[in-house]
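# Geometric and topological summary
Below are the chains, spelled out letter by letter.
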Amino acid sequence: MSIAFFEDAKGDLRAAGFYKKNWEQTGADGVFVGAFDASDELASVGFHEIPKEIINMYTRAKEVKRNEKKEDKGEDLGLWGMDLNRVYSGKDGSLVVVGEKRYTTTECVTTQNGTRCYTVWHADDLLVAGIDPGNKLQWMNRIPKRASSRAPIGASFKYMNGAGAHHFLHFSKSKDLDIRSDEPPSMKGDVLVVADAINEATGRMERHAVLNPDEVKGVKLYQLSMERLTRIGTGEILMEAYKKGKEDVLVRITVKE
């Protein structure tokens, strides 16, 4: 379905992406990784199927039932809409493969002047897989998030590594700060910048509130965007926002070691 070629931290040629067993299906069945030798011949490859538990995470009950019926019929479940976003390489040759659910919908509005339809771009949940230097799967997890726009979406999250964890910063709602794995995001409450920290060794995820744009040291921030976040060092990011009064501010975000 998708593939990326790159050199890892040791200078070896590697490849990673998503695959599906049946070309007619739309969902990704799993993550594949490969390594090449000095002659650029494929030396090893690993195929790691996405577990049913992850496919059903943060999903509505009726969709879970639909997946159970498909499984009973012997059909592949897959994770629909999954695009390869990026691959991070560790110093020891380990990899973090990140996929993102990207798709478009069409919405129509009817007024007295007629009906007007427009395209909505979506950037939803992340699938994150930790791969060891030998291309074996260490863990796999799913990060719940929602982002939509009437314009194509650029970056919907920012990544930082620090404190023995992989940190994914993105926007969420306050009601989803303590989201359960058996429910979809509610999309209710105040907008927050959150960091989902995935443990490098176990793959366990914890969600932390980073800041509330309504109150940052007595200042209310506007026009927040992941495009306006810039990494300035290990575990540090600068975020630019509008303060009103024709003035912008910079907020420094640090992941504690």
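Bear in mind that the values here come from a model prediction, so they are computed numbers and not experimental data.

### Quick notes on the overall build of the protein
When its secondary structure is counted, the protein shows two helices and 18 strands. In summary, the protein has a C-alpha radius of gyration of 20 Å against a globular reference of 18 Å for 257 residues, a match within 12%. Each of the 257 residues in the protein was classed as buried or not, and the buried ones make up 43%. Residue pairs at least 24 apart in sequence account for 47% of intrachain contacts in the protein once pairs closer than 6 positions are excluded.

### Considering the pairing of strand β2 (residues 13-19)
In terms of burial, β2 is a largely internal element, six of the seven residues being buried. Strand direction decides the pairing type here: strand β1 (residues 2-7) and β2, joined by six bridges, are antiparallel. Among the inter-strand pairings, A4 is bridged to a residue of β2, identified as A16. From the end of β1 to the start of β2, which pair antiparallel, there are five residues, and G11 there has a positive phi angle of about 90 degrees. The sheet contact formed by β2 and strand β4 (residues 30-36) spans six bridges and is antiparallel. Looking at β4, one finds that F18 is bridged to V31.

### Thoughts on a nonpolar patch on the surface
Judged by side-chain polarity, L42, V45 and F47 come together as a nonpolar surface patch covering roughly 310 Å² of accessible area. One can find L42 in strand β5 (residues 42-49).

### Considerations on the state of the cysteines
One covalent bond between the sulfur atoms of two cysteine residues makes up a disulfide. Scanning all chains against the criterion turns up one disulfide. Linked covalently through their sulfurs, C108 and C117 form a disulfide whose S-S length is 2.0 Å. Disulfide C108 to C117: torsion about the S-S bond roughly 100 degrees, handedness right-handed.

Analysis parameters
- Residues numbered from 1 in each chain as written.
- Predicted model: local features only at pLDDT ≥ 70, side-chain atom pairs only at ≥ 80, totals over all residues.
- Heavy atoms only, no water.
- Helix = DSSP H or I, 4+ residues; strand = E, 2+ residues; numbered from the N terminus.
- Rg over C-alpha atoms; globule rule 2.2 N^0.38 Å.
- Buried < 20%, exposed > 50% of the residue type's maximum accessible area, 1.4 Å probe, protein only.
- Contact = heavy atoms within 4.5 Å.
- Pairing = 2+ DSSP bridges.
- Patch = residues over 30% accessible without salt bridge, like charges linked within 9 Å, V, L, I, M, F, W, Y side chains within 5 Å.
- Areas by Shrake-Rupley, 256 points an atom, 1.4 Å probe, with all protein chains shown as cover.
- Salt bridge = Lys/Arg side-chain N within 4 Å of Asp/Glu carboxyl O.
- Disulfide = S-S within 2.5 Å.

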